[in-house]
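Residues per chain are reported as follows:
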Amino acid sequence: MSFEILLQYLLNGLMLGVIYAIVAVGFTLYFGVLDVIKFSHGDILMVGAFAGLTAYIGISETFTSPWLQLLVLIVVSLAVASFLGAVIARYLILPLQKAPPINTLLVTLMLGLALREMVRLFYPNGSNPKPFPKLLPVDGIDLGEFTLRSDSLILLITGVLTIVAVQRLITKSKIGLAIRAVAQDSETARIMGINFHRVVLITFMLGSALAALAGLMNGLYYNEVNFSMGLLLGVIGFSAAVVGGLGNFYGAIVGGFLFAGLQTIGAVLLPAILPNVPSAYKDVFAFAVIIIIMGLKPTGLISEKSSERV
Amino acid sequence: MSAVSTMSKASPQKQILLAEKLTMRFGGVTALDSLDLHVNEGEVLGLLGPNGSGKTTFFNVITGLYRASAGKVAFRGEDLTDATAQQVYLNAITRTFQRSRLSLPLTVFDNIAIGDNRRLNTGLIFNLFQREKFRKEYEVLVEQVRQLLLTFNPKLADKIFEPVASLPMIDRRRIEICRALISQPDLLLLDEPSAGMTHDETAEVMDDILQVRSKIKPFTIILIEHEMGLIQRMTERCIVLNYGKKIAEGTYDEIVNNREVQVAYLGQE
Amino acid sequence: MKLLISTFVACLVYSILLLGSENQLEVGALVVLAFVVSLVGKKMGLMEKLAVAVREHPQFPAYASVFGVLVIMLFFHNSHFALLMLATVLIYSIVCLGLNIQFGYVGIVNFAGAAFFGIGSYTAAILATHTAVPHLLVLFIAAGISALIGSILIYPVLRTRGHYAALVTIAFGILFRNFLEVNDTLGGPQGLKIPPFTIFGWNLSEGLDIGGFEISFYIPYLLIALFLLIASFRITRNLERSWIGLSMDMVRTDEIAASTFGVNIAHWKVVAFTLGNFIAGMAGALYGMMTAYVAPNNFTFADSLILVSIVILGGIGNPWGIIPAAAIVVILPEKLQFIQEYRFLLYAIVVILILLFRPDGLLPRRIREYFPSNKVGGQR
């Protein structure tokens, strides 16, 4: 195992970690504000990616500069996802507020299924993976046998900047304060004049936009999207958010990188330790560790926000 | 077990529950602060104090829902400090909750029957394959529940198989108390039974409890209450808590005139 | 009584028509008919009248159902496809009864139902192919293995609640499928072939020919499935109408109050989870032997979701709702070929609508009656 290959794995792990972290932050936002697990999160990610793809197909003739194309992609993708998020919040999540939480979980699971199927059935040739445009520079910096690709670097930096931006938004802005207030105690927040519905809608729009961004990043990195890409990413994001402690912003980030780390370790170490075990078992390994962690720390690695009053 | 008169204060009374230096900390908050108190067998003890003084926490620690940070709890000489909620129940200690904790979709009978859990046979073979034997046990319990309900409110006894969700708050309170009584406990913990009821309704319910008590056995009661009239009427002894500490102990008249108690409730004058 | 019999006959005729219909127009018409009838019936208070009638004759639905299945079986005695569908409905119902114990009674949502079903199938595959274990025993062993593997999950399931517990079963479901796909000893993505069920030398997968009366090879499987369904149903019913059902309901509705009255939360969760997985595994073994084949693709997360949606569609906690729900979920997409592609999408939409507008499902759970009596007013 040469140093360069290790470095490659490391970079890959960081990339995945950043994407997972962004997805996990979305989950944590939804849970914080509404105690809701929105399982369609991963599929919003997919819709965002496809929206971007559609936008690209639409404008690839008119605009030729890749940066301009990228800009349009991002705007369209985020806009579509935010809108979808708001609609979902308004018509599916808020009406089910009073119902047992399992209902909301199931509704969002079914919604995710519906979104996947709709793309698979109605998008032209939807059941096959589609190439995603290469809009980022592919050159790179050579370090011995290892090439630090520019697109990886750009994506990584974008991801980190996004997380930092969201963190600043949540902690420093007025709307962020409103979100945190509602997350902590929605009754009191309402009494204090915060418009609960508006906060919920904005949270969902924010979360969906984040998902779309993650989807775009995924598409740009692998140069491919397909209708089921959201499923695994969603489950991984959910696992990451839970393992970090639902409702905990930093926990989500830790969880995201942890999962990526587990996958990387699984891919690298398993074949080394158990020679007959192919690296395809990395997901099995990662999920198994998640289950073990849940057994040891049932409310996540960093503690959750509330506990039940007797 | 000596025959203890509930009204006699002169004869030496056996301590049924003893808390020694009982402490409960939640993060930075100390809900119970090295609390020393005892409960005499057969008495009705009032547990008072302003909100947040640790009364419900005390109940939660005794009943095994919280694990004490320090100190001891002994019941009939047996150390129950680290006992689970289930073990506490098996020691014949039952309780009601400050906010009503009934299973709303279940029937009145179901909610009370679970109170007698320690006498129910919950074996798989018995319940699945010995239906005739189960039926006998079931019918005996139905009759017991019905009798208990009749003590409280004959109309309630008619509704024995209706879902609790369809009943008003006062009936739910009654049902919760029946649930705590059906197993004939040795110690009954009542957490603000008057909450949500009018003065008359509360008086009625308390009389019913005393009636059951005189019929079955003179069990011990610890009563958390804010309604002073009730405390005055029902208790022989009171303990007042503030910030998790015992600040006064005595009869109702004694503690009512206690300066520190007045300050705790009303603030500095 | 007359109402009951006429309703039963109507349902029987309807089922036969539905199962036997060949073209989509017929099926479409039947679906519309069902819709119209249910609307009209609602207006006329049909459900209430039926409920009263069932109360007066509590044994009727059980006997009628069994009788109905046998009649349908005889009617389609040489039509393989219809019988396969019927058997699938019965087998899915068995699994969902197991899931119902976990979810409807104790409150554990199991998002890996298809995985436990699959464990049963795979175990049957291995045992039937490589050992000489009698096949009836294989069913039980497969069920046992399923329960055993489920017990590996039990520790995290016990310690977690709500969403966290959901994550554990979801993660396991995905883990299981991934494992099967990657692992070549268990056939990898292609799966394994399963030898057919043989009892005392009689190979069930060969059809019978009794004096020119051709009997499809599915019939013996159907009979076994029916038997298992009846057994699971009886167990579920007795379980619910007992102190065990009461304890489980308490665990689901209020763990804290339950524990202060001596209910051993962990015990009942383990019992429910294990029992449910046992039932699912047994159903999976039978299904595998019937279809002669098992592959990881049959046990995806989406399949687990379908099982959960059958339980919800039928009415959480009510075993009777499961059978019509399973029928709708299995038969309709097969019959309405044009929606075969849109199957999952339609499920998703239907379940969403139900959760929004009728969260109690087709047959909402009724309050517990330990010994239903014939008196209209309930218990004496």
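Remember, predicted model here, so these are calculated numbers, not experimental data.

Chemist: How should unusual backbone geometry be read in this particular structure?
Modeler: A negative phi angle characterises most non-glycine residues, just as the trans form characterises most peptide bonds. You will see that Ser34 of chain B, though not glycine, has its phi angle at about 50 degrees, which is positive. Looking at where Ser34 of chain B falls in the secondary structure, it is placed in strand E2 (residues 29–40).

Chemist: Could you clarify how one ought to interpret the domain arrangement of chain C in this entry?
Modeler: Interfaces are often sized by the accessible area lost when the parts come together. Residues and elements named next belong to chain C. The domains assigned to chain C are domain 1 (1–75) and domain 2 (80–378). Taking only C-alpha atoms, the centre of domain 1 and the centre of domain 2 are 24 Å apart. If you look at the interface, domain 1 gives 19 residues, while domain 2 gives 25 residues. With both chains or domains summed, domain 1 and domain 2 bury close to 2,000 Å², and 73% of this area falls on carbon and sulfur atoms. Interface area lost by domain 1 to domain 2 is led by Leu19, Arg55 and Met73, which between them contribute 36%. Taken together, the links from domain 1 to domain 2 amount to 0 salt bridges.

Chemist: Where do I start with the pattern of salt bridges in this structure?
Modeler: Pairs may arise between side chains of opposite charge once their charged atoms sit close together. According to the stated counting rule, one finds 26 salt bridges over all chains in the structure shown. Arg135 of chain B is paired through a salt bridge with Glu139 of chain B; the nearest N and O atoms lie 3.2 Å apart. Linking Arg135 of chain B with Glu139 of chain B, this pair stays in helix H5 (residues 131–152), spanning 4 residues, or about one helical turn. Since its relative accessible area comes to 31%, Arg135 of chain B is described here as partly exposed. Overall, Glu139 of chain B belongs to the partly exposed group, its relative accessible area being 32%. Where Asp249 of chain C meets Arg365 of chain C, a salt bridge forms, and the shortest distance between an N and an O atom there is 2.9 Å. Here Asp249 of chain C is found in helix H10 (residues 243–253), whereas its partner Arg365 of chain C is found in the segment after helix H15 (343–357), with 116 residues between them in sequence. A relative accessible area of 0% places Asp249 of chain C in the buried class. Look at the salt bridges and you will find they share partners, linking Asp110 of chain B together with Glu240, Asp249, Arg252, Arg365 and Arg368 of chain C into a network.

Chemist: Mind showing me how you'd approach the packing of helix H11 (residues 282–296) of chain A against helix H8 (residues 162–182) of chain C here?
Modeler: When two helices pack together, their arrangement is given by the angle between the helix axes and by the axis-to-axis distance. H8 of chain C packs onto H11 of chain A with a crossing angle of 155 degrees between their chain directions and a minimal axis gap of 9 Å. Here H8 of chain C runs roughly antiparallel to H11 of chain A, going by the angle between their axes. Along this stretch, H11 of chain A crosses H8 of chain C, giving a crossing that reads as left-handed. Residues Asp283, Val284, Phe287, Ala288, Ile290, Ile291 and Met294 of chain A of H11 of chain A lie in contact with H8 of chain C, whose contacting residues are Tyr164, Leu167, Val168, Ala171, Phe172, Ile174, Leu175, Asn178 and Phe179 of chain C. Of the residues that constitute the contact of H11 of chain A with H8 of chain C, the class distribution is 14 nonpolar, 1 polar and 1 charged.

Chemist: Sorry if this is basic, but what is going on with helix H8 (residues 199–215) of chain B here?
Modeler: Every α-helix winds through 3.6 residues per turn, so residues three or four apart in the chain are directed the same way. Residue and element names in this part refer to chain B. The terminal C-alpha atoms of H8 lie 25 Å apart, and with 17 residues this matches the ideal 24 Å at 1.5 Å per residue to within 8%. Looking at H8, one finds that the buried residues are Thr202, Val205, Met206, Asp208, Ile209, Val212 and Arg213. Projected down its long axis, H8 shows its buried positions confined to an angular sector of 155 degrees, all on one face. In H8, those exposed residues whose orientation departs by more than 90 degrees from the buried face are His199, Asp200, Ser214 and Lys215. On the buried face of H8, the contacting elements are strand E3 (44–48), H5, helix H7 (169–181), strand E7 (187–191), strand E8 (220–224) and helix H9 (228–234).

Chemist: Help me out: how do you make sense of the packing of helix H1 (residues 3–34) of chain A against helix H9 (residues 229–244) of chain A in this one?
Modeler: All names here are of chain A. Direction vectors running N to C along H1 and H9 enclose 70 degrees, while the axes themselves pass 8 Å from each other. For the element pair H1 / H9, the angle class is roughly perpendicular. Of the two possible hands of crossing, H1 and H9 adopt the one that is right-handed. The segment H1 lies against H9, with Ile19, Tyr20, Val23, Ala24, Phe27 and Thr28 engaging Leu233, Gly234, Ile236, Gly237, Phe238, Ala240 and Ala241. A breakdown of the residues in the contact of H1 with H9 according to their chemical character gives 10 nonpolar, 3 polar and no charged.

Chemist: Sorry if this is basic, but what is going on with the packing of aromatic side chains here?
Modeler: Geometrically, a pair of aromatic rings is defined through the distance of the ring centres and the angle of the planes. Residues and elements named next belong to chain A. Following the criterion strictly, the structure yields 38 aromatic pairs over all chains and no others. Both rings, one in Phe27 and one in Phe39, keep their centres 6.3 Å apart while their planes meet at 70 degrees; by these two values the pair is edge-to-face. Here Phe39 lies in the loop between H1 and helix H2 (41–59) and Phe27 lies in helix H1, a separation of 12 residues in the sequence. With relative accessibility at 0%, the residue Phe27 sits in the buried group.

Chemist: Looking at this model, I keep getting lost on the sheet that holds strand E9 (residues 237–242) of chain B. Mind explaining?
Modeler: By definition, the strands of a sheet pair up through backbone hydrogen bonds, in either a parallel or an antiparallel sense. Residue and element names in this part refer to chain B. Read across the open sheet, the 6 strands follow the order E6-E7-E8-E3-E9-E10; overall the sheet is mixed. Across the chains shown, the open sheet's two edge strands, defined by having one partner strand only, are strand E6 (93–95) and strand E10 (245–250). Direction aside, neighbouring strands of the sheet carry axes that sit 20 degrees apart on average. Direction of pairing for E3 relative to E9: parallel, over a ladder of 4 bridges. Bridge assignment links Gly46 to a residue of E9, and that residue is Cys238. Most of the contacts of helix H11 (residues 259–266) go to E10, to which it runs at about 130 degrees, and overall it touches E3, E9 and E10.

Chemist: Sorry if this is basic, but what is going on with the pairing of E3 of chain B here?
Modeler: In the case of a regular strand, side chains alternate between the two sheet surfaces. Residue and element names in this part refer to chain B. Burial of E3 is extensive: 5 of the 5 residues sit out of reach of the surface. Every second residue of E3 is oriented toward a common face, with Val44, Gly46 and Leu48 on one face and Leu45 and Leu47 on the other, all of them buried. Where E3 lies against E8, 4 bridges are found, and the strand directions are parallel. The residue bridging Val44 from the neighbouring strand is Ile221, located in E8.

Chemist: What is the right way to look at a nonpolar patch on the surface in this model?
Modeler: Residues and elements named next belong to chain C. Nonpolar side chains collect at one region of the surface, where Met1, Ile5, Val9, Val13 and Leu17 lie side by side and expose about 420 Å² of accessible area between them. Relative to the assigned elements, Val13 resides in helix H1 (residues 2–20). When its relative accessible area of 45% is taken as the criterion, Val13 is described as partly exposed.

Chemist: Help me out: how do you make sense of the interface of chain C and chain B in this one?
Modeler: Counting from both sides, the interface comprises 29 residues of chain C and, opposite them, 37 residues of chain B. Summed over both partners, the interface of chain C with chain B buries about 3,200 Å², with 69% contributed by carbon and sulfur atoms. Per-residue buried area on chain C facing chain B is highest for Trp243, Phe261 and Phe371 of chain C; these three make up 29% of the total on that side. Counting across the chain C and chain B interface gives 2 salt bridges. Of the charged contacts, one joins Asp254 of chain C and Arg101 of chain B as a salt bridge, the two residues approaching to 2.9 Å between their closest N and O atoms. At the junction of chain C with chain B, the criterion picks out 12 residue pairs in polar contact (both at pLDDT 80 or more).

The rules behind the values
Residues numbered from 1 in each chain as written. Chains lettered and ligands numbered in written order. Predicted model: local features only at pLDDT ≥ 70, side-chain atom pairs only at ≥ 80, totals over all residues. Heavy atoms only, no water. Helix = DSSP H or I, 4+ residues; strand = E, 2+ residues; numbered from the N terminus. Domains from an automatic or database assignment. Contact = heavy atoms within 4.5 Å. Buried area = accessible area lost by both parts, 1.4 Å probe. Salt bridge = Lys/Arg side-chain N within 4 Å of Asp/Glu carboxyl O. Buried < 20%, exposed > 50% of the residue type's maximum accessible area, 1.4 Å probe, protein only. Axes fitted to C-alpha atoms, helices over the stretch in contact; angles between N-to-C directions. Parallel < 35°, antiparallel > 145°, perpendicular 65-115°, else oblique. Left-handed = near helix turned anticlockwise from the far one by under 90°. Nonpolar A, V, L, I, M, F, W, Y, C, P; charged D, E, K, R; others polar. Expected span 1.5 Å × (residues − 1). Arc of directions from axis to C-beta. Phe/Tyr/Trp six-rings, centres within 6.5 Å; stacked < 30°, edge-to-face > 60°. Pairing = 2+ DSSP bridges. Patch = residues over 30% accessible without salt bridge, like charges linked within 9 Å, V, L, I, M, F, W, Y side chains within 5 Å. Areas by Shrake-Rupley, 256 points an atom, 1.4 Å probe, with all protein chains shown as cover. Polar contact = N/O pair within 3.5 Å; in protein donor to acceptor, adjacent residues only side chain to side chain.

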